[in-house]
Amino acid sequence: MGRPTLFRLKAVRMACAGALCLSAGAAAALDELDFNISGVSEEVETSLENAALLSQLESEGRRDPNDVIGAALSDYRRLLVTLYEAGHYSATVSIRLDGREAAEIPLLQTPARVSRVLVTVDAGPKFVFGRAEIAPLADGTEVPEQFAPGERAEASAIRGAVDAGVSGWRSVGHAKAAVAGQDLVADHARQTLDASVQLAPGPRLRFGDLDIVRDSAVKDVRLRMIAGLPTGEVFNPDELDLAANRLRRTGAFSSVTLTEAETVNPDGTLDVALEVVDAKPRRFGFGAELSTLEGLTLSTFWLHRNIFDGAERLRFDARVAQIGGQAGGYEGGIDYSIGVRLERPAALGPDTTGFITAQAAREDEPDLLSDRLTFGIGVSRRFSDTVSGELGVNYTFLRTRDDLGEREFQYVSLPTKVTLDRRDDTLNPTEGVYVQLGTTPFLGLGDTQSGARFTADARAYYSLSDEGRFTLAGRLQLGSIVGPEVEDTPPDFLFFSGGGGTVRGQPYKSLNVETDDGTFGGRSFAGLTAEFRAGITDRFGLVAFADAGFIGEGSAGNGEWHSGAGLGVRYQTGIGPIRLDVAGPTGGSTGDGIQVYLGIGQAF
């Protein structure tokens, strides 16, 4: 496979490269590094140059000749490995330092100066597989198509076949499956590589104990409950990934590591060691958004992790909105809310989290003043990496003042939602979809009528470039209330349109319903948004967008539309993009003039 005698000599010299520090020499500049590569594609040529440590020395301005010689000796192997990856098995590599082959320079007589380095690579022909065999394989194992007779004999294809073979056995319980032997023969005359790999599946094993190997503030019994490792069941590596993800999702740990035991227990079980590093117990954050009509919105939260030594999360949220807003209200126009939520993971099994919530809020709008107090209890469940659901029971007391005067509502609701999230990035998505469906049946107490509220939120993202620099994004929102008429529906259930969350360019909540009794929100809603996002640099981007919203008095059917459009700027930060949007109305009768929106994160 190439020049084996020379390669063995180079390998010995690489092992001795550390002895170069014994050789004295004055530092001098590496003036010139040239590559002379033949017989490969431009892509492979770039890979060879990037693989060379000499390239790294040149880019870093390293000047010590000992460093240059040490890098050159290492690069013989690095370049050959890169060539094997591309299917070239009869290559020759020469690295000359000021005209002398690096492999032939005595280690104790290194030069005091290296001015010019010439790397010459003759890749030789591309090899193909003559034989490509791997056995035995578990039922259902699919070996990569590249590992087959006649295909290009790239080293990565062999590795892919080995990984597939071992993974196939592990997926059916053979945790200790490994390579038992391999036979690789390069026929230079025929330009073929015969590859034969033998696998040793080992015994079929079951999960043993979960051993906690590092102290944590979370109790051991809770760690085991959250991980949910199926002790006694047939080994499956997917269960290890699932257990680690359950622990990570609690937010109580900065790192989670699960390691299989080296030895198998006499009863055919395999223990798993768990090592966690606790996250800081407390965290706080804040947010801000600014709109010309809605004014300033400030929000903050305070989080306490592991408050009862069971990986619980206690979070307080506070929000003040419409500070300095121009819309006005009954008593100054400022909205307030404060809430608390306590979550306990593994409340009803490892994938189910229990929670208790409470919230107090005031909403002060031109047509409505409401004070709301809500208490709730519920569970959330993770069905897969992309699908989750939540079910709760809430009691709400609501006191309002609107065109019908002062009123009180009391009801018990059953909020339920299911979420599918396949976005590539939750803060700045460029690919994928997000769908959330919600239903909230409510039972009125006293004079409050009963009904149900339905919502849907669907978002899609499509990248027009491999780097995600140009993205099309779309959003559809739907809502409907069945049961009571508009005047008898709890006002916090009704829908409005206009503002940063629905239609930019239209005043906040400007589209509503007018009846003989006054102005209210609607019982039906639709929102449409389309954006084209263009990354100008790694930090700055531009956005063009168009929004439209619909509000109807009935559960479906007749109503009014309005729309807006505009341009925006995005500046990428570590916590998401800073968003600046400028928009104006394009349809409807609810607004005129330009609106400006400033916040953190994409609009959706």
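Each value, and the rule that gives it
Residues numbered from 1 in each chain as written. Predicted model: local features only at pLDDT ≥ 70, side-chain atom pairs only at ≥ 80, totals over all residues. Heavy atoms only, no water. Phe/Tyr/Trp six-rings, centres within 6.5 Å; stacked < 30°, edge-to-face > 60°. Buried < 20%, exposed > 50% of the residue type's maximum accessible area, 1.4 Å probe, protein only. Helix = DSSP H or I, 4+ residues; strand = E, 2+ residues; numbered from the N terminus. Lys NZ or Arg CZ within 6 Å of the ring centre and 35° of its normal. Pairing = 2+ DSSP bridges. Axes fitted to C-alpha atoms, helices over the stretch in contact; angles between N-to-C directions. Contact = heavy atoms within 4.5 Å. pLDDT = per-residue confidence, 0-100. Expected span 1.5 Å × (residues − 1). Bend = angle between axes of the 7 residues up to and from the residue. Polar contact = N/O pair within 3.5 Å; in protein donor to acceptor, adjacent residues only side chain to side chain. Patch = residues over 30% accessible without salt bridge, like charges linked within 9 Å, V, L, I, M, F, W, Y side chains within 5 Å. Areas by Shrake-Rupley, 256 points an atom, 1.4 Å probe, with all protein chains shown as cover. Salt bridge = Lys/Arg side-chain N within 4 Å of Asp/Glu carboxyl O. Lys, Arg positive; Asp, Glu negative; His and termini not counted. Charge placed at Lys NZ, Arg CZ, Asp CG, Glu CD. Arc of directions from axis to C-beta. Core = buried A, V, L, I, M, F, W, Y, C linked by side-chain atoms within 4.5 Å. Parallel < 35°, antiparallel > 145°, perpendicular 65-115°, else oblique. Nonpolar A, V, L, I, M, F, W, Y, C, P; charged D, E, K, R; others polar.

### With respect to the packing of aromatic side chains
Right, on to step 1. One pass over the structure, following the stated rule, counts 13 aromatic pairs.
Right, on to step 2. Considering the side-chain rings of Tyr-84 and Tyr-89, the 5.1 Å spacing of their centres and the 15° angle between planes classify their relative orientation as stacked.
Right, on to step 3. Overall, Tyr-89 belongs to the buried group, its relative accessible area being 3%.
Right, on to step 4. With a centroid separation of 5.1 Å and 45° between ring planes, the pair formed by Tyr-411 and Phe-493 is classed as tilted. Separated by 82 residues along the polypeptide, Tyr-411 in strand β18 (residues 405-413) and Phe-493 in the loop between β22 (470-482) and β23 (513-515) bring together distant segments of the chain. This pair shows no difference in class: Tyr-411 is buried, exactly as Phe-493 is.
Right, on to step 5. Above the plane of the ring of Phe-355 lies Arg-341, whose end atom (NZ or CZ) is 3.9 Å from the centre.

### Quick word on the sheet that holds strand β10 (residues 269-278)
Right, on to step 1. Here we have three strands laid out as an open sheet, ordered β8-β10-β9, and mixed in their pairing. Among the strands making up the open sheet, the edge pair consists of β8 (206-212) and β9 (253-260). Neighbour-to-neighbour, the strand axes of the sheet open up by a mean angle of 25°, direction not taken into account.
Right, on to step 2. Where β9 lies against β10, seven bridges are found, and the strand directions are antiparallel. Directly across from Ser-255, in β10, lies its bridge partner Val-277.
Right, on to step 3. Packed onto the sheet, helix α7 (residues 237-249) meets β8, β9 and β10 and runs at close to 160° relative to β9.

### Details of the pairing of strand β26 (residues 540-552)
Right, on to step 1. The sheet contact formed by strand β25 (residues 524-535) and β26 spans 12 bridges and is antiparallel. Bridge assignment links Ala-530 to a residue of β26, and that residue is Ala-546.
Right, on to step 2. Count of turn residues in the β25/β26 antiparallel hairpin: four residues.
Right, on to step 3. Two strands pair when backbone bridges link them, and β26 and strand β27 (residues 559-571) are joined in this way by 13 bridges, in the antiparallel orientation. Looking at β27, one finds that Phe-540 is bridged to Tyr-571.
Right, on to step 4. Adjacent in sequence and paired antiparallel, β26 and β27 are bridged by six residues, among which Gly-557 carries a positive phi angle near 110°.

### Observations regarding the confidence of the model for the protein
Right, on to step 1. Residue-level pLDDT values for the protein average 90, and 94% of them are 70 or greater.
Right, on to step 2. Between the elements of the protein, mean pLDDT differs from a low of 35, seen in helix α1 (residues 4-15), to a high of 98, seen in strand β19 (residues 416-421).
Right, on to step 3. Taken as a whole, residues 1-29 scores under 50 in pLDDT and shows 49 contacts with residues more than four places along the chain or in a different chain.

### Observations concerning the environment of Val-121
Right, on to step 1. Mapping Val-121 onto the fold places it in strand β4 (residues 116-122).
Right, on to step 2. Filtering out sequence-adjacent residues up to four positions away, Val-121 remains in contact with Asn-36, Ile-37, Ser-38, Leu-48, Leu-79, Leu-83, Thr-92 and Val-93.

### Some words on helix α4 (residues 65-85)
Right, on to step 1. When the terminal C-alpha atoms of α4 are compared, their 30 Å separation across 21 residues agrees well with the 30 Å that a helix rising 1.5 Å per residue should span.
Right, on to step 2. At Asp-75, α4 shows its maximal kink, close to 35°.
Right, on to step 3. Here α4 starts with a cap whose side-chain oxygen sits 2.9 Å from the backbone nitrogen of Asn-66, and that cap is Asp-64.
Right, on to step 4. Just downstream of α4 lies Gly-87, where phi reads positive at about 90°.

### Section: unusual backbone geometry
Most peptide bonds adopt trans geometry, and most residues besides glycine take a negative phi value.
Right, on to step 1. The amide bond that connects Ala-135 to the next residue, Pro-136, takes the cis arrangement and shows omega of -10°.
Right, on to step 2. Structurally, the position occupied by Pro-136 is in the loop between β5 (128-135) and α5 (155-171).
Right, on to step 3. Notably, Gln-191 is not glycine yet its phi reads approximately 60°, a positive angle.
Right, on to step 4. Position of Gln-191 among the secondary structure elements: in the loop between β6 (178-187) and β7 (192-200).

### Quick notes on the side chain of Asp-351
Right, on to step 1. By the secondary structure assignment, Asp-351 is in the loop between β14 (335-344) and β15 (352-365).
Right, on to step 2. Given a relative accessible area of 16%, Asp-351 falls into the buried group.
Right, on to step 3. Each residue touching Asp-351, except ones within four places of it in the same chain, is listed here: Arg-246, Arg-249, Ser-380, Arg-381 and Arg-382.

### A closer look at a negative patch on the surface
Right, on to step 1. Side chains of Asp-403, Asp-516, Asp-517 and Glu-553 sit close together on the surface and give a patch of like negative charge.
Right, on to step 2. With respect to the helices, strands and loops of the structure, Asp-403 is situated in the loop between β17 (387-402) and β18.
Right, on to step 3. According to the relative accessible area criterion, Asp-403 is partly exposed, its value standing at 39%.

### Side note on helix α3 (residues 53-60)
Right, on to step 1. If you check which residues of α3 are buried, you get Leu-54, Ser-55 and Leu-57. With its buried residues spanning 160° around the axis, α3 presents them on a single face.
Right, on to step 2. Close packing links the buried residues of α3 with β1 (32-38), α2 (42-51), α4, β2 (92-97) and β4.

### Details of the pattern of salt bridges
Right, on to step 1. Enumeration according to the criterion identifies 35 salt bridges in this entry.
Right, on to step 2. Glu-85 serves as the salt-bridge partner of Arg-159, at 2.5 Å between the closest nitrogen and oxygen. In this pair, Arg-159 sits in helix α5 while Glu-85 sits in helix α4, placing the two residues 74 residues apart along the sequence.
Right, on to step 3. Judged by relative accessible area, Glu-85 falls into the partly exposed class, the value being 24%.
Right, on to step 4. Linking Lys-509 and Glu-363 is a salt bridge whose minimum nitrogen-to-oxygen distance equals 2.2 Å. Residue Lys-509 is found in the loop between β22 and β23, and its partner Glu-363 is found in strand β15; the two are separated by 146 residues along the sequence.
Right, on to step 5. Salt bridges sharing common partners tie together Glu-289, Arg-504, Glu-531, Arg-533, Asp-547, Arg-570, Arg-579 and Asp-581.

### Considerations on the nonpolar core
Right, on to step 1. Grouped together as the largest cluster of nonpolar side chains are 31 residues, with contacts concentrated most on Leu-54, Leu-83, Ile-95, Leu-97 and Val-117.
Right, on to step 2. Counting only elements with at least two residues in this core, the list comes to β1, α2, α3, α4, β2 and β4.
Right, on to step 3. In terms of residue count, α4 provides more of this core than any other element does, nine residues in total.
Right, on to step 4. Residues within four places of Leu-97 in sequence aside, it is in contact with Val-68, Ile-69, Ala-72, Ala-102, Ile-105, Val-114, Arg-116 and Val-117.

### A short note on the packing of helix α6 (residues 220-227) against α7
Right, on to step 1. It is the contact of α6 with α7, at a shortest axis distance of 8 Å, that shows an interaxial angle of 120°. Here α7 runs oblique to α6, going by the angle between their axes. Side by side, α6 and α7 meet where Leu-223, Ile-226 and Ala-227 of the first sit next to Ala-243, Arg-246 and Leu-247 of the second.
Right, on to step 2. Across the contact of α6 with α7, the residue classes tally to five nonpolar, no polar and one charged.

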